[in-house]
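# Structure assessment
Here is what each chain is made of, one letter per residue.
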2 protein chains.
Amino acid sequence: MEKFSRNMRISAISKMLTENPNKVINLNTFTEKFNAAKSTVSEDILVIKDTLSRLNLGRVETVAGAAGGVKYVCGISEEDRREFAEQLCTILREEDRIIPGNYIYMTDIMYNPEIISKAGLILATAFNDRVVDYIVTVETKGIPLAYEVAKMLGVQLVIVRRDNKVTEGTTVSINYVTGSSKRIQTMSLSRKALKSGSSCIFIDDFMKAGGTALGIVNMLKEFDSKLVGIGVMIEDVETPKKLIEDYISIVKFKGVSEEGIAVVSPSK
Amino acid sequence: MEKFSRNMRISAISKMLTENPNKVINLNTFTEKFNAAKSTVSEDILVIKDTLSRLNLGRVETVAGAAGGVKYVCGISEEDRREFAEQLCTILREEDRIIPGNYIYMTDIMYNPEIISKAGLILATAFNDRVVDYIVTVETKGIPLAYEVAKMLGVQLVIVRRDNKVTEGTTVSINYVTGSSKRIQTMSLSRKALKSGSSCIFIDDFMKAGGTALGIVNMLKEFDSKLVGIGVMIEDVETPKKLIEDYISIVKFKGVSEEGIAVVSPSK
């Protein structure tokens, strides 16, 4: 059977761990794949552990017991987080981003995998220490970001819809009032989507008064589940958050300048 | 300045390449990060190149010129692709998946990052050799899958919506007829979403007669752009594809058995 050098095993294990965040991989997977002893693979993993911690690229955790093994937990340095938020602000300040109604056009940003994977890493890192069963979002613009956070935390994504679809089976629909424009909207979720008694984190692209987040809290009550965190890409600080208090954001939006440029700054 | 061993550099470079599919990374990024000579980093990359190719985990390509460097191109072995398709079939055959109207409930599958990252890898690998500017999908269920394919190919995701949103600016709306139920539906896309003259791949969760795909072809014409490929998770082979011919799928769906179980098999 084929043998691999330490270098090669380290390269492959680094890749496999990176691709499976928060998933426990049994050491046997590696010993079988590389035809190597457990002690050898353990030494490989020590090198990877050390590398990630020295370069601030997340960490590798050892999980004891029969179902044990190692798992990669994502992470980002404070410096990289800050640099990303600054870059995002520069993009948001581009001249043609303000569209009629003083909205900021950010669809291209929310659908750019390079940006969204970094933003997802930042939000996932912030929630790394909480016990989470699901990442919840409302369609449509926040879906890629919520998916990235779910992937990084190794949990299922749940998407609340604005309409009812026959392909969803039995659904629960609730009405909620948007906090800023006071309009009544409907959101619905398949009965099969959530197990009762779950802990969820709500991820979205933009937060104004927090009406949607409050709608999610009420929706989760219908599933005997609770919200344990909220993370958004951009929060509008011009609109007071009367409806929701505890959340994190990457960028703060303070309206549009007289020159028609978005006024933004990194959060914290 | 800190020095890193070959093992550590290989671990970190493997991780960085894996996290940035199809993005050219200049060797200077690595020489600066690790305080190492270009020749040293080149040797590290040769080890990674060799590892990925021996284990069938994609490949590392060298891009010459001033803007040159190395990039990771995703890939999956035929064996792993087949194994994944078989596993997906097993999940689709679960007893409670058939819901009223003989629809197959697959929302949980389409929002499961572990499944979707593998499915995205399979579809991206199939389109690796084409020049692609955008991955296009129609909201909602196919978004995570389309996002994964976009990320793997290193391009922007475009999501066509079923409604008009004020936050999208000027939009183009077209009507199209669904191929199976012959209903008229509307889809709309922001003028800012696509550059004219682009080549796009359409990704979706499920394909029946191909009406939505044909709608996308017509939508792209409005942007002087063209469809160069179609990839879906599941295709319904009971409904003849009158509207569209060239596409790939992971699983074939042949209706529901008398016992109320989905009849499915891996494609190809």
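I will try to describe carefully the structure that is included in this document. Predicted model only: the values in this text are computed from it and were never measured. (Residues numbered from 1 in each chain as written. Chains lettered and ligands numbered in written order. Predicted model: local features only at pLDDT ≥ 70, side-chain atom pairs only at ≥ 80, totals over all residues. Heavy atoms only, no water.)

## Considerations on the overall build of chain A
Each helix and strand counted, chain A has 8 helices and 12 strands in total. For the C-alpha atoms alone, the extent of chain A along its principal axes is close to 65 × 45 × 30 Å. A buried classification covers 56% of the 268 residues belonging to chain A. Within chain A, counting contacts between residues at least 6 apart in sequence, those at least 24 apart form 61% of the total. By element, 48% of the accessible surface of chain A is carried by carbon and sulfur atoms, the whole surface being about 11400 Å². Of the charged side chains in chain A, 35 are positive and 34 negative; the average position of the first set lies 6 Å away from that of the second. (Helix = DSSP H or I, 4+ residues; strand = E, 2+ residues; numbered from the N terminus. Buried < 20%, exposed > 50% of the residue type's maximum accessible area, 1.4 Å probe, protein only. Contact = heavy atoms within 4.5 Å. Areas by Shrake-Rupley, 256 points an atom, 1.4 Å probe, with all protein chains shown as cover. Lys, Arg positive; Asp, Glu negative; His and termini not counted. Charge placed at Lys NZ, Arg CZ, Asp CG, Glu CD.)

## Points about helix α7 (residues 143-153) of chain A
Most of α7 of chain A is tucked away, with 11 of its 11 residues classed as buried. Just downstream of α7 of chain A, Gly154 of chain A is the residue with a positive phi angle, here 70 degrees.

## Some thoughts on the pattern of salt bridges
Taken as a whole and judged by the stated rule, the model has 30 salt bridges over all chains. Arg161 of chain A serves as the salt-bridge partner of Glu139 of chain A, at 3.8 Å between the closest nitrogen and oxygen. Here Glu139 of chain A, found in the loop between β5 (134-138) and α7, pairs with Arg161 of chain A, found in the loop between β6 (156-160) and β7 (171-177); they are 22 residues apart in sequence, far enough to count as distant. Judged by its relative accessible area of 8%, Glu139 of chain A is buried. Measuring nitrogen to oxygen at the nearest pair gives 2.6 Å for the salt bridge that ties Lys151 of chain B to Glu148 of chain A. Of this pair, Lys151 of chain B sits in helix α7 (residues 143-153) while Glu148 of chain A sits in helix α7, which puts the two residues in different chains. (Salt bridge = Lys/Arg side-chain N within 4 Å of Asp/Glu carboxyl O.)

## What about the relation of the copies chain A and chain B?
Expressed as a screw transformation, the operator carrying chain A onto chain B has a rotation angle of 180 degrees and an axial translation of 0.0 Å, and the superposed copies differ by an RMSD of 0.0 Å. Taken together, the rotation angle and the small translation identify this as a two-fold axis. A share of 100% of interface residues in chain A that are also interface residues in chain B marks the association as one of identical surfaces. (Least-squares fit on C-alpha atoms with pLDDT ≥ 70 in both.)

## Description of the sheet that holds strand β12 (residues 262-266) of chain A
Residue and element names in this part refer to chain A. Here 6 strands make up an open sheet; going across it, the order is β6-β5-β9-β10-β11-β12 and the pairing mixed. What marks the edges here is a single partner per strand, and that holds for β6 and β12. With direction set aside, neighbouring strand axes in the sheet form an average angle of 25 degrees. Across 5 bridges, the pairing between β5 and β6 is parallel. For Tyr134, the partnering residue across the bridge sits in β6 and is Gln156. Lying over the sheet, α7 contacts β5, β6, β9 (199-207) and β10 (226-236), oriented at roughly 180 degrees with respect to β5. (Pairing = 2+ DSSP bridges. Axes fitted to C-alpha atoms, helices over the stretch in contact; angles between N-to-C directions.)

## Observations concerning the interface of chain A and chain B
Contact residues are listed per partner, giving 60 residues for chain A and 60 residues for chain B. At the junction of chain A and chain B, the tally comes to 4 salt bridges. Between the two partners, chain A and chain B, sit 29 residue pairs in polar contact (both at pLDDT 80 or more). When residues of the side of chain A that touches chain B are traced back to their parent elements, those giving at least two are α1 (6-19), α2 (27-34), α3 (38-55), α5 (107-110), α6 (113-126), α7 and β6 of chain A. Residue classes in the side of chain A that touches chain B are distributed as 26 nonpolar, 13 polar and 21 charged. (Polar contact = N/O pair within 3.5 Å; in protein donor to acceptor, adjacent residues only side chain to side chain. Nonpolar A, V, L, I, M, F, W, Y, C, P; charged D, E, K, R; others polar.)

## Points about the pairing of strand β11 (residues 248-256) of chain B
All names here are of chain B. Looking at chain direction, strand β10 (residues 226-236) and β11 are connected through 5 bridges and run parallel. Paired with Asp236 across the strands is Phe253, a residue of β11. Judged from the 4 bridges that link them, β11 and strand β12 (residues 262-266) form a sheet pairing that is antiparallel. By the bridge assignment for β12, Val256 is matched with Ala262.

## Focus: the state of the cysteines
Residues and elements named next belong to chain B. By the definition in use, this model includes 0 disulfides over all chains. Take Cys74: it sits in no disulfide, and the sulfur closest to it among the cysteines is that of Cys200, at 18 Å. Residue classification places Cys74 among the buried residues on the basis of a relative accessible area of 2%. (Disulfide = S-S within 2.5 Å.)

## With respect to the packing of aromatic side chains
Residues and elements named next belong to chain B. Considering all chains together, one arrives at 5 aromatic pairs over all chains under this definition. Ring geometry for Phe4 versus Phe34: centroids 5.6 Å apart, planes at 80 degrees, classification edge-to-face. Linking Phe4 in the segment before α1 (6-19) with Phe34 in helix α2 (residues 27-34), this pair joins segments that are 30 residues apart in sequence. A single burial state applies to Phe4 and to Phe34, both of which are buried. Across from the ring centre of Phe223, 4.7 Å away, lies the NZ or CZ of Arg191, which sits over that ring. (Phe/Tyr/Trp six-rings, centres within 6.5 Å; stacked < 30°, edge-to-face > 60°. Lys NZ or Arg CZ within 6 Å of the ring centre and 35° of its normal.)

## Describing the packing of α6 of chain A against α7 of chain A
All names here are of chain A. Two elements in contact, α6 and α7, have axes whose closest approach is 8 Å; the angle formed by their N-to-C orientations is 55 degrees. In terms of orientation, α6 lies oblique with respect to α7. Remark: the crossing between α6 and α7 carries right-handed chirality. Residues Ile116, Ser117, Ala119, Gly120, Leu121, Leu123 and Ala124 of α6 form the contact with α7, whose participating residues are Pro144, Leu145, Glu148, Val149, Met152 and Leu153. Of the residues that constitute the contact of α6 with α7, the class distribution is 10 nonpolar, 2 polar and 1 charged. (Parallel < 35°, antiparallel > 145°, perpendicular 65-115°, else oblique. Left-handed = near helix turned anticlockwise from the far one by under 90°.)

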